[in-house]
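# Geometric and topological summary
Chain by chain, the residues run as shown.
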There are 2 protein chains.
Amino acid sequence: MAPGASVKDNHAVCEAEFVDKRRVGAVSKHMPDSDSIEALSEIFKVLGDPTRLRIISALSVDELCVCDIAHLLGASISATSHQLRILRHLHLVKHRKEGKMVYYSLDDACVEKLLAEGLKHIAE
Amino acid sequence: MAPGASVKDNHAVCEAEFVDKRRVGAVSKHMPDSDSIEALSEIFKVLGDPTRLRIISALSVDELCVCDIAHLLGASISATSHQLRILRHLHLVKHRKEGKMVYYSLDDACVEKLLAEGLKHIAE
DNA sequence: CCCTCACTTGAATAATTGCTCAATTATTCA
DNA sequence: TGAATAATTGAGCAATTATTCAAGTGAGGG
């Protein structure tokens, strides 16, 4: 067996050697660290659901109570609340209580930029 | 959704009336249409996976063969190829064949902007 | 020609996710 | 206080998804 290549892998993993070590090294240096990737993917994942995206784009216009959000989505109050909890947990939305009602609004201007950037992509 | 809001829901849906009709109407007008939301959420969903995000951020530095990408991720060739197919399908990456090897690169500059915008959000 | 290598693809599996339903909290009003 | 309303929460379920495994394709090399 090749000197550098242990390859005890059941699956051939491309001879266990980088095809272009220098290039891979350079790429590796320029990549965000693992934590950033993880955090970033979490945000994208949260935005990667039509229901949540609708909530975000609605709240980017004005604050709304849970009830109105649910109507706007055509979803149940419960489903809406569940999604709002997820958005709240990631600090994308904040809530304000007024009597029996809870008003939600965006907590982060960055999200609007992401939406705008994404819509530009769609427009192509 | 119908402006009249039929709401024959079994679950009490906030008295079947908008709490603030005028506000909801205004919000509704400013929201992207359903197709845009769907398309946009699909892009975010694809970016919402650490493996794919790593691939994208690697390819934003330089083109790479499947083998090197897999190494960079610490993933199997197969898993990598599967994810590349998804990215290819959404036209986020393109591929170029050279002998036995296949080189992948970004197909869409917009994605880099999305990544950059997202990283700004993380930085907070 | 056969064999190997780089990669693709399909099926199976385990984990995740978004929804509904039911119960619960919190607030208002009679 | 007790009934009603707005919203939250947890359990359970169906659908989706990321990975692995195994088989298959296609380009070179001996």
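A short tour of the structure in this document, coming up.

Thresholds, definitions, all that
Residues numbered from 1 in each chain as written. Chains lettered and ligands numbered in written order. Predicted model: local features only at pLDDT ≥ 70, side-chain atom pairs only at ≥ 80, totals over all residues. Heavy atoms only, no water. Near = heavy atom within 4 Å. Polar contact = N/O pair within 3.5 Å; in protein donor to acceptor, adjacent residues only side chain to side chain. Helix = DSSP H or I, 4+ residues; strand = E, 2+ residues; numbered from the N terminus. Nonpolar A, V, L, I, M, F, W, Y, C, P; charged D, E, K, R; others polar. Pairing = 2+ DSSP bridges. Contact = heavy atoms within 4.5 Å. Axes fitted to C-alpha atoms, helices over the stretch in contact; angles between N-to-C directions. Buried area = accessible area lost by both parts, 1.4 Å probe. Salt bridge = Lys/Arg side-chain N within 4 Å of Asp/Glu carboxyl O. Buried < 20%, exposed > 50% of the residue type's maximum accessible area, 1.4 Å probe, protein only. Least-squares fit on C-alpha atoms with pLDDT ≥ 70 in both. Core = buried A, V, L, I, M, F, W, Y, C linked by side-chain atoms within 4.5 Å.

Before going further, it helps to spend a moment on the protein's contact with DNA strand C. Looking at DNA strand C, there are 29 residues lining it, with A:Ser78, A:Gln83, B:Ser78, B:Ser81 and B:Tyr104 nearest. The contact atoms of DNA strand C, taken as those within 4 Å of the protein, divide so that sugar and phosphate hold 71%. For DNA strand C, a phosphate oxygen lies 2.4 Å from a polar atom in the side chain of A:Gln83. Between DNA strand C and B:Ser78 there is a distance of 2.8 Å, counted from a base oxygen to a side-chain nitrogen or oxygen. Those elements that place two or more of their residues in the surface near DNA strand C are helix H3 (50-59) and helix H5 (77-89) of chain A together with helix H4 (66-73), helix H5 (77-89) and strand S3 (101-106) of chain B. A breakdown of the residues in the surface near DNA strand C according to their chemical character gives nine nonpolar, eleven polar and nine charged.

Quick look at the sheet that holds strand S1 (residues 64-65) of chain A now. Residue and element names in this part refer to chain A. Pairing is antiparallel across the open sheet formed by three strands, whose spatial order is S1-S3-S2. Looking along the sheet, the strands with just one partner apiece sit at the ends: S1 and strand S2 (93-98). Both S2 and strand S3 (residues 101-106) contribute to a ladder of six bridges, which runs antiparallel. From the neighbouring strand, Lys 94 faces S3, where its bridge partner is Ser 105. Contacting S2 and S3, H5 crosses the sheet at an angle of about 120° to S2.

Further remarks concern the interface of chain A and chain B. If you look at the interface, chain A gives 60 residues, while chain B gives 60 residues. At the boundary of chain A with chain B, total buried surface from both sides reaches about 5,300 Å², with 75% on carbon and sulfur atoms. Of all residues in chain A, A:Phe44, A:His71 and A:His121 bury the most surface against chain B, accounting for 13% of the area lost on that side. Counting every contact that joins chain A to chain B gives four salt bridges. The residue A:Asp62 makes a salt bridge to B:Arg23 at a minimum N-O spacing of 3.7 Å. In this structure, the connection of chain A to chain B is made through eight residue pairs in polar contact (both at pLDDT 80 or more).

What follows deals with H4(B). For the α-helix, the turn length of 3.6 residues means that residues three or four positions removed from each other point alike. Burial runs high along H4(B): six of the eight residues are buried. Of the residues flanking the end of H4(B), it is B:Gly74, one or two places downstream, whose phi is positive at about 70°.

Of the transformation superimposing chain A on chain B, the axial component is 0.0 Å and the angular component is 180°, with the fit at an RMSD of 0.2 Å. What the superposition gives is, in effect, a two-fold axis relating one chain to the other. Looking at the interface residues of chain A, 97% of them are also at the interface in chain B, so both copies use one shared face.

Looking now at unusual backbone geometry. Residues and elements named next belong to chain A. One non-glycine residue, His 91, adopts positive backbone phi at about 60°. Examined against the element boundaries, His 91 turns out to sit in the loop between H5 and S2. With a relative accessible area of 54%, His 91 lands in the exposed category.

Moving on, we come to the nonpolar core. In this structure, A:Ile56 and B:Ile56 are the most contacted members of the largest nonpolar core, which totals 57 residues. With near-sequence residues (within four places) excluded, A:Ile56 lies in contact with A:Leu47, A:Leu87, A:Leu92, A:Val93, A:Leu106, A:Val111 and A:Leu115.

Remember, this is a structural readout, not a statement about activity or role.
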